Amino acid sequence: MNAAILIVEDEAIVALDLKLQLQDLGYQVVGMASSAADAVAAVHRHRPGLVLMDVRLQGQGDGIDAAEQIRREHATPVIFLTSHSDAETVQRAARTAPYGYLTKPYQLKELRAGIEVALTKAQLERQLREADRWFASTLQCVADGVVVTDLQARVRFLNPAAESLTGWPSEDAAGRSVDEVVRLAPEGGGAAAAGLVRDVIAEGRPRPVLHGQPLLHRAGADKVVDNTASPVRTEDGQALGAVLVLRDATERLAHEAQLRASEERFRSTFDHAPLGMALVSVDGHFLQVNDALCRLLGVERDRLHRGSHTEFTVEADREHEVQRLHELASGQTRMVQFEKRYLRPAPAEPVWTLVSVSQLGDGPQATCHLYQVHDLSEQKQAAERLAELAQERMRREASELASAHKSEFLSRVSHEMRTPLNAVIGFAQLMQMSSAALEPQQMRTYVDHIRSAGEHLLGLVTDLLDLNRAAQGALQLDLQPTRLDEVVAETRMLIEGLARSHGITLAVNVPEGLLVMADAKRLRQVLLNLGSNAIKYNRQGGEVRMSAQAGGAGQVIVSVKDSGIGMTPNQLERLYQPFDRLGAERTRVQGTGLGLVICRALVAEMKGTLVIDSEARVGTTAILTLPAAG
């Protein structure tokens, strides 16, 4: 061990010789002193691990005085090396608790052995002092009061917490009976402190914690503490004393009082709530139910406790409830709310309820679920009644609307039919009144007017019949693969004369062999209507283009585009109103206002669509989409 040693010797030659010997043995000599004052100063300066001290020194004081001061101020180990061995000197030296006392002359082996023993003992004592400091520091920080006693139940030590609880400083309490310092009231159900200490020493095992025992403070104020005691024994089992631990129970008792009050409030709220309430375990069993829920379900409390919550739930509602409870368990929400039906004893019907569920405990630590059950019977009945009233009102309004539409339709039909009928009757009367005086040319004019009015009337009747069949879903169509180019060619031939009379250029671009699923006759009717409209509502020198192409998703797109007067957005909104000619009734263009309505119905029957796109003073485009064939 390469220890630092201080030599205190008043004879320089002896000191030097001792230094050389120590160095040969492998020790480090940090200094040499010849007086008591120098020795104390050197220890303070060099902090050696060991002091070799001569008793007789130069100057004031001797080696024993120096050793006493060094022990008191630095706790540095000292070995006396002296030629003095008289009883008085030895007794004085012993009072300084030296680590060795060697008389001169000494053997080198004795010196080395004494040094090693002293250094080892010093190290052990340092470790013991450090352990004591750790223990003392720990007791200083412990919030519980710790009282250490001897075998006679006398106080040896109090930590700060015990001082605060008892009102006794540790210095004042030391040596006093523990009953005088720790005054536990017997009315708390426990023994006095001294009796508790003696019991645990005699029994040799700790006592369980005794809760809520009154403790009288030195100043007279009462506290309530939880206390326990344990014996202190040596390694071989010999009793040394006991440790009494005191914990201030004031905060715990306050919390318990708050908890009891909270539980009482919850229980009162739970039991007397006007809505049904239940505590349900996480595995689905009733833990507690209130009277309102029992009345709602028509079941006794004991019957609910014997059954599972799922047992009283309509089967169709169970899966949804499980999903919502999973949301609650995953922490997505603090409460879930849903409607469910509870079963009731026959013959009662299941009752609709609105259930609010919250979780007591978090996530996997949940203890149970709190169900709040609102009876929705009255709300459901009211909702059903409102629905019935709404349906009745809708039927009445629909009937009134249908009647109004029917009246309006009949009014429009009568108006449209009256005009050609008046023409027929009027010209017939003219012919009847002046048949003899009529010129052949004038006669032919009257006949032409009658024929034109009749044809108009026939067309109107035909359109009305088609419109009625479409409304009743009674249109008879023969859908089969149809060559579109042939139908368009026929349509062009039928409207070419009308186009020439209006000065309209007619252009057709339809690929040969393009097949659509359609009724050829009805498709021609649609194209004739669209084409004639494109001509009639065009401008002088305008153009009409009819084209077709294969579209995506097995469709064929047919387009009829004109450069005519077009339509405003307002007119487009009224486009499919029967007999609404969008203002054309004030022009010389003939029509009934039924053509597009019938066209859309025919196209729908052929599994297609008809879309009209138009811009005022620019033109109109009719886009017809039909399913492809082949």
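Residues numbered from 1 in each chain as written. Predicted model: local features only at pLDDT ≥ 70, side-chain atom pairs only at ≥ 80, totals over all residues. Heavy atoms only, no water.

A. Summary view of the pairing of strand β23 (residues 619–627). Burial of β23 is extensive: seven of the nine residues sit out of reach of the surface. Summarising the sheet, strand β21 (residues 555–562) and β23 pair through seven bridges and their orientation is antiparallel. Bridge pairing in β23 links Q555 to P627. Relative to β23, strand β22 (residues 609–615) runs antiparallel, the two sharing seven bridges. By the bridge assignment for β23, I612 is matched with A622. (Buried < 20%, exposed > 50% of the residue type's maximum accessible area, 1.4 Å probe, protein only. Helix = DSSP H or I, 4+ residues; strand = E, 2+ residues; numbered from the N terminus. Pairing = 2+ DSSP bridges.)

B. Geometry of the packing of helix α2 (residues 36–46) against helix α3 (residues 63–74). Between α2 and α3, whose axes approach to 9 Å, the crossing angle comes to 25°. Relative to α3, α2 is oriented roughly parallel. For the pair α2 and α3, the crossing hand works out as right-handed. Residue-level contacts link A36, A39, V40, V43 and H44 of α2 to A66, Q69, I70, E73 and H74 of α3. In terms of residue class, the contact of α2 with α3 is built from six nonpolar, three polar and one charged. (Axes fitted to C-alpha atoms, helices over the stretch in contact; angles between N-to-C directions. Parallel < 35°, antiparallel > 145°, perpendicular 65-115°, else oblique. Left-handed = near helix turned anticlockwise from the far one by under 90°. Contact = heavy atoms within 4.5 Å. Nonpolar A, V, L, I, M, F, W, Y, C, P; charged D, E, K, R; others polar.)

C. Representation of the packing of helix α17 (residues 520–536) against helix α19 (residues 595–605). At their nearest, the axes of α17 and α19 sit 10 Å apart, and the two run at 145° to each other. With respect to the hand of their crossing, α17 and α19 are arranged in left-handed fashion. Contact residues: α17 offers R522, Q525, V526, N529, L530 and N533, while α19 offers G595, L596, I598, C599, L602 and V603. Taken together, the residues of the contact of α17 with α19 sort by class into seven nonpolar, four polar and one charged.

D. Region of interest: the sheet that holds strand β20 (residues 543–551). Taken in spatial order, the five strands make up an open sheet running β18-β20-β21-β23-β22, and their pairing is mixed. In this open sheet, the two strands that pair with only one neighbour each are β18 (505–509) and β22. Neighbouring strand axes in the sheet, compared pairwise and without regard to direction, differ in orientation by 15° on average. Sitting on the sheet, helix α16 (residues 484–501) touches β18, β20 and β21, and the angle it makes with β18 is about 175°.

E. Geometry of the packing of aromatic side chains. Across all of its chains, the model carries two aromatic pairs by this definition. Pairing F80 with Y101 gives two aromatic rings, centres 5.9 Å apart and planes at 55°, and the pair type is tilted. Taken together, the residues F80 in strand β4 (residues 78–82) and Y101 in strand β5 (residues 100–103) connect sequence positions 21 residues apart. With centroids separated by 6.1 Å and ring planes inclined at 65°, the aromatic side chains of F286 and F312 adopt a geometry described as edge-to-face. Here the residue F286 occupies a position in strand β13 (residues 286–289), and F312 occupies one in the loop between α12 (301–306) and α13 (315–329), the gap between them amounting to 26 residues. For the cation-ring pair, R218 lies above W168, with the distance from its terminal atom to the ring centre recorded as 3.7 Å. The ring of Y342 has K340 lying over it, and the distance from NZ or CZ to the ring centre is 4.1 Å. (Phe/Tyr/Trp six-rings, centres within 6.5 Å; stacked < 30°, edge-to-face > 60°. Lys NZ or Arg CZ within 6 Å of the ring centre and 35° of its normal.)

F. Expanded view of the sheet that holds strand β3 (residues 50–53). Strands sit in the order β2-β1-β3-β4-β5 across an open sheet of five strands; the sheet is parallel. Here the strands that pair on one side only, and so sit at the sheet edges, are β2 (28–33) and β5. Each neighbouring strand pair of the sheet contributes to a mean axis angle of 20°, computed without reference to strand direction. Looking at chain direction, strand β1 (residues 4–8) and β2 are connected through five bridges and run parallel. Counterpart to V8 in the pairing with β2 is A33.

G. Focus on the nonpolar core. In terms of nonpolar packing, the biggest core is built from 38 residues, with L484, L523, L527 and L624 touching the most fellow members. Sorting the residues of this core by element identifies α16, β19 (515–518), α17, β20, β21, α19, β22 and β23 as the ones contributing at least two each. Element by element, the count of residues in this core is highest for α17, at six residues. In this view, L523 contacts L484, V487, V516, A518, M606, L624 and L626; residues no more than four positions away in its chain are not counted. Counting 24 residues, the second largest nonpolar core, distinct from the first, contains L158, A162, L165 and V225. (Core = buried A, V, L, I, M, F, W, Y, C linked by side-chain atoms within 4.5 Å.)

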